[in-house]
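Coordinate analysis (summary)
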Amino acid sequence: MVGTFYRAASPESPVFIEVGKEVNPETVVCIIEAMKVMNEIKAEVSGVIAEVVAENGKPVQFGQALFKVR
């Protein structure tokens, strides 16, 4: 999805997921804003977050890695 990557629901909110945390396919890991619509993005895999690749508040492109999961 093309849009703006956000690690938290708002600037005052805690981030959805940190490095070292376990995720499953239903875990919400971030939001991507596309055309003024906030889309919750789920992990889609099980594992542990190894790295946050995308930068908060910056544009992301279709197919771009947002996180590394091991």
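Quick caveat, the model's predicted, so the values are computed rather than measured. (Residues numbered from 1 in each chain as written. Predicted model: local features only at pLDDT ≥ 70, side-chain atom pairs only at ≥ 80, totals over all residues. Heavy atoms only, no water.)

Section: the pairing of strand 4 (residues 37–42)
Keep this limit in mind: Between any two strands, at least two bridges found by DSSP are needed for them to pair. Every helix listed is a DSSP run of H or I at least four residues long, and every strand listed is a run of E at least two residues long, numbered separately from the N terminus.
Sheet topology places strand 3 (residues 28–34) next to strand 4; six bridges connect them, and they run antiparallel. Residue pairing for strand 4: Ala34 is matched across the bridge by Val37. Where strand 3 folds back onto strand 4 in an antiparallel hairpin, the turn is made up of two residues, including Met35, whose phi is positive at roughly 55°.

Quick notes on the side chain of Glu33
Note the threshold: Each residue is placed in one exposure class: buried if its accessible area under a 1.4 Å probe, protein chains only, is under 20% of its type's maximum, exposed if it is over 50%, and partly exposed if it falls in between. We treat Lys and Arg as the positive residues and Asp and Glu as the negative residues; His and chain ends play no part in the count. Any carboxyl oxygen of Asp or Glu that lies within 4 Å of a side-chain nitrogen of Lys or Arg is treated as forming a salt bridge with it. Each polar contact in these results corresponds to two N or O atoms within 3.5 Å; when the atoms are within protein, one needs to be able to donate a hydrogen and the other to accept it, and residues that are neighboring in sequence are counted only if both atoms are side-chain atoms. Note on contacts: a residue pair qualifies if any of its non-hydrogen atoms lie within 4.5 Å across the two residues.
Here Glu33 is to be found in strand 3. For the buried Glu33, which has no salt bridge, the nearest side chain bearing the opposite charge is Lys36, at an N-O separation of 4.3 Å. A polar atom in the side chain of Glu33 sits 3.3 Å from the side chain of Tyr6. Apart from the residues within four sequence positions on either side, Glu33 is in contact with Val2, Gly3, Thr4, Tyr6 and Met38.

A closer look at the nonpolar core
Rules: We call a set of buried Ala, Val, Leu, Ile, Met, Phe, Trp, Tyr and Cys residues a nonpolar core when their side-chain atoms join them within 4.5 Å.
Phe5, Val29, Cys30, Leu66 and Phe67 are the most contacted members of the largest nonpolar core, which has 14 residues in total. Among the secondary structure elements, those contributing two or more residues to this core are strand 3 and strand 5 (47–52). With three residues, the top contributor of residues to this core is strand 3. Ignoring any residue separated from it by four or fewer positions in sequence, one finds Val29 in contact with Arg7, Phe16, Ile17, Val23, Ile41, Lys42, Ala43 and Phe67.

With respect to the environment of Leu66
By the secondary structure assignment, Leu66 is in the loop between strand 6 (59–60) and strand 7 (67–69). With 10 residues separating them in the primary sequence, Leu66 and Asn56 have C-alpha atoms 10 Å apart. Those residues in contact with Leu66 that sit more than four places away from it in its chain are Phe5, Cys30, Ile32, Val52, Val53, Ala54 and Val60.

Some points on the sheet that holds strand 7
Here three strands make up an open sheet; going across it, the order is 2-5-7 and the pairing antiparallel. Two strands bound the open sheet, and with one partner strand each, they are strand 2 (22–23) and strand 7.

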